[in-house]
Number of protein chains: 2
Amino acid sequence: MTEPERDPHCLFCRIIAGELPALKILETASAIAIADINPQAPTHVLVIPRRHISGIAVVTPEDAATLAGIFDLANQVASARGLDQSGYRLVINQGPDAGQSVPHLHIHVLGGRPLQWPPG
Amino acid sequence: MTEPERDPHCLFCRIIAGELPALKILETASAIAIADINPQAPTHVLVIPRRHISGIAVVTPEDAATLAGIFDLANQVASARGLDQSGYRLVINQGPDAGQSVPHLHIHVLGGRPLQWPPG
């Protein structure tokens with residue numbers, strides 16, 4: 001990882017810094033969870049590491065703690081929304097074919113309805 | 001994590017043990033990548049930790065190395081399939097609403113075509 005901790009032009013870095021508004025759901029020392037502005041399910045939350053990482057493709061085994069932090073928060077969000085039994089889908093988009101819209105790693109947490117297959 | 005390292009009744013544990021066939025794509029010390037038997041995209045590969053973990057919901061920060069291992073292998077699969085530039089989607093299903101079909105943690109790696117939104 002040779003990226004800076006924060007990119008001043010990054011939408012999510014600016015949200016994390018409090019420079020742009022977002023509906024915060026939960027947060028931890030290493031990550032935040034915000035409502036997706038265009039929700040695709042009753043629960044549709046984005047879990048974002050505070051550290052700027054452009055996408056999953058650049059994550060290496062050295063980033064294990066960051067990965068663990070975002071999945072722990074994703075699970076916390078799912079529990080807080082009562083999805084433990086019904087289930088939920090976690091989605092990470094990398095690059096154009098996946099429609100990655102912000103070049104800062106994030107997990108989509110979707111639940112609260114039956115999710116179809118294929119996942120796009 | 002109080003689960004055994006291996007569940008003798010688990011489909012993926014049996015594939016990992018060589019007791020059931022699968023089309024292996026890549027493997028590392030901690031994970032294997034196999035072709036999905038019902039592919040939904042030109043690349044549709046499952047990345048599975050060798051250790052039995054029933055799903056993402058039971059993963060804790062203590063499992064950081066396991067998480068890092070499966071995402072590292074997912075990225076290796078994407079690179080091997082030439083998806084670095086075009087992109088790919090990683091999907092983890094937890095529970096019935098998401099259609100989790102095997103209770104052993106796995107990442108779906110999808111790419112090779114534009115992926116739609118919502119992701120199910």
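Just so you know, these numbers come straight off a predicted model, no measurement behind them.

### Remarks on the environment of B:A29
All names here are of chain B.
Next up, step 1: Tracing the sequence through the fold places A29 in the loop between β1 (24–27) and β2 (31–35).
Next up, step 2: Classification of A29 as exposed rests on a relative accessible area of 79%.
Next up, step 3: Sequence separation between A29 and P49 is 20 residues, and the spatial gap between their C-alpha atoms is 9.3 Å.

### Points about the relation of the copies chain B and chain A
Here the second copy of the chain follows from the first by a rotation about an axis and a shift along it.
Next up, step 1: Note on the copies: chain B fits chain A at an RMSD of 0.0 Å, the axial shift is 0.0 Å, and the rotation between them is 180°. Given the turn and translation reported, the copies of this chain are related as if by a two-fold rotation axis. Within chain B, the C-alpha atom positioned nearest to the axis of rotation is that of B:P119, 2.0 Å from it.
Next up, step 2: Most of the interface of chain B is mirrored in chain A, where 100% of its interface residues again form contacts.

### Concerning the pairing of strand β5 (residues 107–111) of chain B
Residue and element names in this part refer to chain B.
Next up, step 1: Of all five residues in β5, five are buried; the element is thus mostly enclosed.
Next up, step 2: Residues I107, V109 and G111 line one face of β5 and the alternating positions H108 and L110 line the opposite face, and both faces are buried.
Next up, step 3: The pairing of strand β3 (residues 43–49) with β5 spans five bridges and is antiparallel. What sits directly across from V47, in β5, is I107.
Next up, step 4: Sheet analysis places strand β4 (residues 88–94) next to β5, joined by four bridges and oriented antiparallel. If you follow R89 over to β5, its bridge partner there is L110.

### Structural notes on the confidence of the model for chain A
Next up, step 1: Taken as a whole, chain A shows an average pLDDT of 96; of its residues, 98% reach a score of 70 or greater.
Next up, step 2: Here the predicted complex carries an ipTM of 0.97, next to a pTM of 0.97.

### Notes on the interface of chain B and chain A
Next up, step 1: In this assembly, 37 residues from chain B lie in contact with 37 residues from chain A.
Next up, step 2: Between chain B and chain A, roughly 3,400 Å² of surface is buried when both sides are summed, and carbon and sulfur atoms account for 58% of that area.
Next up, step 3: Together, B:D97, B:W117 and B:G120 form the three largest contributors to the area buried by chain B at its contact with chain A, with a combined 19%.
Next up, step 4: Counting the contacts that link chain B with chain A gives zero salt bridges.

### Some remarks on the pairing of β2(B)
All names here are of chain B.
Next up, step 1: Most of β2 is tucked away, with four of its five residues classed as buried.
Next up, step 2: With antiparallel pairing between neighbouring strands as the criterion, β1 and β2 make up a hairpin whose turn holds three residues.
Next up, step 3: Direction of pairing for β2 relative to β3: antiparallel, over a ladder of five bridges. Residue I32 lies in a different strand from β3, and its bridge partner there is I48.

The rules we used
Just so you know, the residues in each chain are numbered from 1, in the order the chain's sequence is written. To read the labels, note that chains go from A and ligands from 1, taken in the order they are written. In view of the model being predicted, local features appear only for residues whose pLDDT reaches at least 70, and side-chain atom pairs are presented and counted only at 80 or more, with totals across whole chains, interfaces and linings using the full set of residues. Values reported for side chains reflect all heavy atoms of the structure, with hydrogen atoms and water molecules removed beforehand. A helix here means a DSSP run of H or I that spans at least four residues, while a strand means a run of E at least two residues long, and both kinds are numbered starting from the N terminus. Summary of the burial criterion: residues with accessible area below 20% of their type's maximum are buried, those above 50% are exposed, and those between are partly exposed, where the area comes from a 1.4 Å probe applied to protein chains only. Superposing copies: least-squares fit, C-alpha atoms only, residues required to have pLDDT of at least 70 in both. Residue contacts follow a heavy-atom distance rule, with two residues in contact if any of their heavy atoms lie within 4.5 Å. When DSSP finds two or more bridges between a pair of strands, those strands are recorded as paired. A score from 0 to 100, pLDDT tells how confident the predictor is in each residue. In this description, buried area is defined as the sum, over both parts, of the accessible area (probe of 1.4 Å) that is lost when the two are combined. The term salt bridge refers to a pairing of a side-chain nitrogen on Lys or Arg with a carboxyl oxygen on Asp or Glu at a separation within 4 Å.

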